[in-house]
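Summary of structural features
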Amino acid sequence: PSCLTDVPEWNFDGSSTAQAEGSNSDMFLVPVCMFRDPFCLDPNKLVLCEVLKYNRKPAETNLRHTCKKVMDLVKDSHPWFGMEQEYTLLGINGHPYGWPDNGFPGPQGPYYCGVGADKVYGRDIVESHYKACLYAGVKICGTNAEVMPSQWEFQVGPCEGIEMGDHLWMARFILHRVCEDFGVVATLDPKPMTGNWNGAGCHTNYSTEEMRREGGLKHIEAAIEKLSKRHDYHICVYDPRGGRDNSRRLTGHHETSNIFEFSAGVANRGASIRIPRQVGQDGYGYFEDRRPAANCDPYAVTEAIMRTTVLNETGVETKDYADH
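Residues numbered from 1 in each chain as written. Predicted model: local features only at pLDDT ≥ 70, side-chain atom pairs only at ≥ 80, totals over all residues. Heavy atoms only, no water.

Feature annotation in UniProt assigns "domain: GS beta-grasp" (unreviewed entry) to the following positions: residues 1-56. Along residues 1-56 the backbone is 0% helical and 41% strand, and the end-to-end C-alpha distance reaches 24 Å. (UniProt positions renumbered as here; feature names shortened; annotations may be inferred. Helix = DSSP H or I, 4+ residues; strand = E, 2+ residues; numbered from the N terminus.)

Next comes the structure, spelled out in structure tokens:
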């Protein structure tokens, strides 16, 4: 296929994935985004699909559908996102890759953005993933070793609107597929190791066109004010279990905010929202929401941010907008 319209709709057995009854199991796969295939190479493609039920309503797990509706409504604000996907490499036994079999590595400190075989584990895996994403056309833009050994991060963006979720999900698929070749597992668990170890988030950088213009800081501050009044709603959608996964991570320690409190500050990595120092100096740019968990659905996160900051929704209920 040379474009998305060349790809037909398909179907799969939803009963095998606990998404449908066996007596009525076929679910529709509707192509929405296409990438080059870094595994089978050109001219093969990877196709991202939305899943619809037998009645052509979106499956419960299809959070793209409402996100697309919201992004269409706010398209004139030109929302840009950049998401920082943290993850942890595990052996097949579930133990962090490269850690001693019956113990722990030294305390955190020398691992973040580290170099050397005693500091970082799995760089060949990380760089294979990066190159595969570049080949595919995923808007990957950076990677680094994280604070906990065998924990890594890659960044995707800037992406506009629905593109953010599409590109991050494809980057995640490619990550799991690359790890399979190396015989390791990538987990997006927000707190894979209990104790004095950093958790894993998916920090979300965001701006609208007016925030990126001269004097945009006042629009950034107005958006943060709206977010401050809807903290509980955002916590509920920032991980797939309504905040329970994130509660293990957002403790107020290990460079996180407390899950029960909203906070914001310039250059503050212990706040819910961080305004980068450069943005404070320039007076325009973007801000970073540090609350989303590593296993968040990017469609849910970006949709929630737009509902609150552009569509001016309040409270814990969301408005249902008519199809365009």
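Paired through backbone hydrogen bonds, the strands of a sheet run either parallel or antiparallel to each other. On the basis of which strands lie adjacent, the open sheet formed by three strands has the order 1-2-3 and antiparallel pairing. Each edge of the sheet is formed by a strand with only one pairing partner; in this case those strands are strand 1 (10-13) and strand 3 (45-52). Ignoring which end each strand starts from, the neighbouring axes of this sheet average 45° apart. As defined by bridge partners, strand 1 adjoins strand 2 (residues 26-36) across four bridges and the pair is classed as antiparallel. Opposite Asp13, over in strand 2, you have Asp26 as the bridge partner. (Pairing = 2+ DSSP bridges. Axes fitted to C-alpha atoms, helices over the stretch in contact; angles between N-to-C directions.)

Inspection of every chain in the model, using the stated rule, returns 22 salt bridges. Between Glu60 and Lys53 there is a salt bridge, with the nearest N and O atoms lying 2.9 Å from each other. Accessibility expressed as a relative area gives 58% for Glu60, which makes it exposed. Close ionic contact of Glu225 with Lys229 constitutes a salt bridge, the shortest N to O distance being 3.5 Å. (Salt bridge = Lys/Arg side-chain N within 4 Å of Asp/Glu carboxyl O. Buried < 20%, exposed > 50% of the residue type's maximum accessible area, 1.4 Å probe, protein only.)

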